[in-house]
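Summary of structural features
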Amino acid sequence: DAGITQSPRHKVTETGTPVTLRCHQTENHRYMYWYRQDPGHGLRLIHYSYGVKDTDKGEVSDGYSVSRSKTEDFLLTLESATSSQTSVYFCASHGGVTEAFFGQGTRLTVV
Amino acid sequence: EDKVVQSPLSLVVHEGDTVTLNCSYEVTNFRSLLWYKQEKKAPTFLFMLTSSGIEKKSGRLSSILDKKELSSILNITATQTGDSAIYLCAVGGRWGGSNYKLTFGKGTLLTVNP
């Protein structure tokens, strides 16, 4: 399996606090993604990165920012968490025209 | 904007049935179509189809790419309860010049009853 890990795996936070989720891959993959998954919605793209410092917004990017200062790390920040951001977050990466590998997911609860 | 549509959204069958899941797409500069299976955790890769490999088979699962119709099907024969999962289709295309981007569909929820 590709080396892609997410941290933390579970988090409970309070409304209004900032939260950062980390995705780390050891495969030197160029492309990385952050998704959220909610019942009935499938995977929804939050942000996409096509290289260091190169990112693009996805369909549900409001309230989220990302940074990619190194190939291996893609950080997702909820600037001020809201209850609507309670979800399961997945990170994925791939090197080119290949399959994407997924992290184990982060279950985030905003109370 | 790239678009991937899967149908049906959900499906309930009995063990032993054969099912066909559909994926259609509108993608700029198509390069690949991928199928994933998701149980109660992260999606796992099943197949990748490209212009040079339009059919794939693994055990009871098989998939075909129809580039003319811009679609793909995933067939599962002799279904088992362990096939119950969300099946995701993703399509890769050229994006922003020389980049490549995957776009996922919303998935098909398959439930196989004993």
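Residues numbered from 1 in each chain as written. Chains lettered and ligands numbered in written order. Predicted model: local features only at pLDDT ≥ 70, side-chain atom pairs only at ≥ 80, totals over all residues. Heavy atoms only, no water.

1. Quick look at the overall build of chain A
Helix and strand content of chain A: 0 helices and 11 strands. Helices and strands appear in chain A in the N-to-C order β-β-β-β-β-β-β-β-β-β-β. Radius of gyration (C-alpha) of chain A: 13 Å, near the 13 Å computed for a compact globule of 111 residues. Summarising its shape, the C-alpha atoms of chain A cover approximately 40 × 25 × 25 Å along the three principal directions. Counting only residues that meet the buried cut, chain A has 50% of its 111 residues in that class. Contacts in chain A between residues far apart in sequence, at least 24 positions, make up 53% of those at least 6 positions apart. Entry remark: accessible area of chain A is about 5000 Å², with carbon and sulfur atoms responsible for 47%. (Helix = DSSP H or I, 4+ residues; strand = E, 2+ residues; numbered from the N terminus. Rg over C-alpha atoms; globule rule 2.2 N^0.38 Å. Buried < 20%, exposed > 50% of the residue type's maximum accessible area, 1.4 Å probe, protein only. Contact = heavy atoms within 4.5 Å. Areas by Shrake-Rupley, 256 points an atom, 1.4 Å probe, with all protein chains shown as cover.)

2. Section: the interface of chain B and chain A
Contacts between the two partners involve 20 residues from chain B, matched on the other side by 24 residues from chain A. Contact between chain B and chain A buries roughly 1800 Å² in total, counting both sides, with carbon and sulfur atoms accounting for 60%. At the boundary of chain B and chain A, one finds 1 salt bridge. K106 of chain B is paired through a salt bridge with E59 of chain A; the nearest N and O atoms lie 3.5 Å apart. Inspection of the region where chain B meets chain A yields 6 residue pairs in polar contact (both at pLDDT 80 or more). If you list the elements that add at least two residues to the side of chain B that touches chain A, you get strand 4 (30–38), strand 5 (44–49), strand 9 (85–95) and strand 10 (99–104) of chain B. Residue composition of the side of chain B that touches chain A, grouped by class: 12 nonpolar, 4 polar and 4 charged. (Buried area = accessible area lost by both parts, 1.4 Å probe. Salt bridge = Lys/Arg side-chain N within 4 Å of Asp/Glu carboxyl O. Polar contact = N/O pair within 3.5 Å; in protein donor to acceptor, adjacent residues only side chain to side chain. Nonpolar A, V, L, I, M, F, W, Y, C, P; charged D, E, K, R; others polar.)

3. Some remarks on the environment of A90 of chain B
All names here are of chain B. With respect to the secondary-structure elements, A90 resides in strand 9. Judged by its relative accessible area of 0%, A90 is buried. Excluding its chain neighbours within four sequence positions, the residues that come into contact with A90 are S32, L33, L34, T103 and F104.

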